[in-house]
Protein chains: 2
Amino acid sequence: MEQIDEHQCFGGWQRRYRHASKTCHCAMTFALYLPPQAETVRVPVVYWLSGLTCNDENFVNKAGAQRVAAELGIAIVAPDTSPRGEDVANDEAYDLGQGAGFYVNATESPWATHYQMYDYVVQELPELLAEQFADTLDLSREGIAGHSMGGHGALMIGLRNPDRFAAISAFSAICAPIESPWGQKAFAAYLGQDKQHWREYDTSVLLSDTRDGAALPPILLEQGLADGFLAEQLHPQKLEEAAESVGASVEVRRREGYDHSYFFIASFIEDHLRFLARHMGA
Amino acid sequence: MEQIDEHQCFGGWQRRYRHASKTCHCAMTFALYLPPQAETVRVPVVYWLSGLTCNDENFVNKAGAQRVAAELGIAIVAPDTSPRGEDVANDEAYDLGQGAGFYVNATESPWATHYQMYDYVVQELPELLAEQFADTLDLSREGIAGHSMGGHGALMIGLRNPDRFAAISAFSAICAPIESPWGQKAFAAYLGQDKQHWREYDTSVLLSDTRDGAALPPILLEQGLADGFLAEQLHPQKLEEAAESVGASVEVRRREGYDHSYFFIASFIEDHLRFLARHMGA
């Protein structure tokens, strides 16, 4: 693993790393914010999953999260949104291929070779962090968060690994990808035509199929009502309905006037980090 | 004037406008953050001048200033750093031409036609704001701030217009452009070889030549000590020496470990906006 960038920020360090991924079979880049507390104690970790067209830098540059993370003493890991490189399959569209991994393990050609983002985020990256930052990060205290496609990723990964993640935060999330044009296109490409396989990666289905909703991590979802993708792509009401049917803790906050942008995320990231920190014991 | 973008942000509005500039003889773009208070009262205005290679968007996306501006009830105007367009003279180098206007009125060919950034920032833009936002902005209460080349701009413009600006904030500023390779290159191109003309735009010279330093706006300068441009380009000690010689109020804060980036600005922008607000009566 190679450190490729670092900046002091709010008394801590905003860093960027590159490593050879054995899961995605390519070089992967991720960002890590270490709060000042990490110099003396092991700090809990929030994973931030970004949306379509993003890489590991968007959240780091635009969300203003470091200020709050420095106060609360939490690290933030922001992986890339897909495998990358000349040898990695791609598509001209912004919503498929590089920058659009959808946090699934692809089974279909030409995607399956590299597009193993579920395993990368859930297994390889945490193992790498545990190995490289044993004295700095406390990986027994994890939270997960994300935006849009990354909100889908955070919800889906959090619900599939309820013993791992203390809480789940999402902004403008694709809450029912099976019913969203973005999700349908990506799942058909990465997972094939058998929609039975899609259900493993659909938050609303996963939630509906849960036996004990009360045992799941609590979810906080922030949704702007001026979000141009809301009606067709995001379906937060599906998440609410599924949560209610199984007794899971989901709070959806609808915000008049806010759109899908990082200006929305920046406006409410403090609330979400405090929510995650409270449940992680930070 | 045309509004080309808007996002709700911390209860206020982050907007972007384009207008035909009679000073720069081209279309100019600027950003405006209106805090929530602007819906009911006229709010004071901070101008933010960005550095080399930037446009009106860098500060807006990366500094996290809207949160503090929303709390304090101040508007922030971020102009572009130069004239732009196919018809506007340019240079392949990052430190001359488009993105590198240095906030001067160029006198030399081919720059003089469009590169009138001093007059644009000091006269045309405030007049436009006064006309378009008469019920929203209180242009009798102005502060000015900037980073690197824009720190030079904020200091130089603030010192040349001491009755206009209540206070001046700068990050990583080029404090003595006449002694900086960046400044020498730009001033030679825009202002010609006669260095006598350069002195009108050199903060340290302007300050040294002041009769009554105590009548100048107070200055707060933030400087990272891991800034790779510090030794050769920035010269904060020249500003301090000049301030001391004339009894001007200059506080220079040197920060161990911080570099020239927006991660540095984001870390300390709250202090600077509070400093400006205090002096503007916000």
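The structure presented is a predicted model; accordingly, all values stated were derived computationally and were not measured. (Residues numbered from 1 in each chain as written. Chains lettered and ligands numbered in written order. Predicted model: local features only at pLDDT ≥ 70, side-chain atom pairs only at ≥ 80, totals over all residues. Heavy atoms only, no water.)

Some words on the pairing of strand E2 (residues 12-21) of chain B
Residue and element names in this part refer to chain B.
(1) Moving on: Among the 10 residues of E2, seven are classified as buried, and the element is accordingly described as predominantly covered.
(2) Moving on: Sheet topology note: the strand E1 (residues 2-9)/E2 ladder contains seven bridges and is antiparallel. Bridging from a neighbouring strand, Cys9 pairs with Gly12 of E2.
(3) Moving on: In textbook terms, the turn of a hairpin is the stretch between consecutive antiparallel strands, and for E1 and E2 this stretch comprises two residues, one of which, Phe10, has a positive phi near 50°. (Buried < 20%, exposed > 50% of the residue type's maximum accessible area, 1.4 Å probe, protein only. Helix = DSSP H or I, 4+ residues; strand = E, 2+ residues; numbered from the N terminus. Pairing = 2+ DSSP bridges.)

Side note on the sheet that holds strand E9 (residues 250-255) of chain B
All names here are of chain B.
(1) Moving on: Taken together, the nine strands give an open sheet; going across it, the order is E1-E2-E3-E5-E4-E6-E7-E8-E9, and neighbouring strands pair in mixed fashion. Bordering the open sheet on either side are E1 and E9, each of which pairs with just one other strand. Strand-to-strand twist across the sheet, computed as the mean angle between neighbouring axes with direction ignored, equals 20°.
(2) Moving on: Its contacts with the sheet place helix H9 (residues 236-246) against strand E8 (219-224) and E9, and it is angled at close to 155° to E9. (Axes fitted to C-alpha atoms, helices over the stretch in contact; angles between N-to-C directions. Contact = heavy atoms within 4.5 Å.)

Digging into the relation of the copies chain A and chain B
Look at the two chain copies: a rotation about an axis and a shift along it is all it takes to match them.
(1) Moving on: With an RMSD of 0.0 Å, chain A superimposes on chain B once it is rotated by 180° and translated 0.0 Å along the axis. Look at the turn and shift together and you get a two-fold axis relating the two.
(2) Moving on: Here 100% of the contact residues of chain A are again contact residues in chain B; the copies associate through an equivalent surface. (Least-squares fit on C-alpha atoms with pLDDT ≥ 70 in both.)

Some words on the state of the cysteines
As used here, a disulfide is simply a covalent bond connecting the sulfur atoms of two cysteines.
(1) Moving on: Tallying each qualifying case throughout the model produces zero disulfides over all chains.
(2) Moving on: A disulfide-free cysteine, B:Cys9 has its sulfur positioned 16 Å from the sulfur of A:Cys54, the nearest such atom.
(3) Moving on: Not engaged in a disulfide, the cysteine B:Cys26 finds its nearest cysteine sulfur in B:Cys24; these two sulfurs lie 5.4 Å apart. (Disulfide = S-S within 2.5 Å.)

Comments concerning the environment of B:His197
(1) Moving on: Relative to the assigned elements, B:His197 resides in helix H6 (residues 195-198).
(2) Moving on: Sequence-wise, B:His197 and B:Thr107 are 90 residues apart; in three dimensions their C-alpha atoms are separated by 9.9 Å.

Focus on the pattern of salt bridges
(1) Moving on: Enumeration over the complete set of coordinates arrives at 36 salt bridges over all chains.
(2) Moving on: In this structure, the salt-bridge partner of A:Asp271 is A:Arg253, at a minimum N-O distance of 2.8 Å. Of this pair, A:Asp271 sits in helix H10 (residues 262-280) while A:Arg253 sits in strand E9 (residues 250-255), and the two are 18 residues apart along the sequence.
(3) Moving on: Between B:Glu222 and B:Arg253 there is a salt bridge, with its nearest N and O atoms 3.8 Å apart. Here B:Glu222, found in strand E8, pairs with B:Arg253, found in strand E9; they are 31 residues apart in sequence, far enough to count as distant.
(4) Moving on: The network of salt bridges with shared partners includes A:Glu222, A:Glu251, A:Arg253, A:Arg255 and A:Asp271. (Salt bridge = Lys/Arg side-chain N within 4 Å of Asp/Glu carboxyl O.)

Structural notes on helix H2 (residues 65-72) of chain B
Residues and elements named next belong to chain B.
(1) Moving on: Along H2, seven of the eight residues are buried, which leaves the element largely enclosed by surrounding structure.
(2) Moving on: Within H2, the full set of buried residues consists of Ala65, Gln66, Arg67, Val68, Ala69, Ala70 and Leu72.
(3) Moving on: In the stretch just after H2, Gly73 is the one whose phi turns positive, near 75°.

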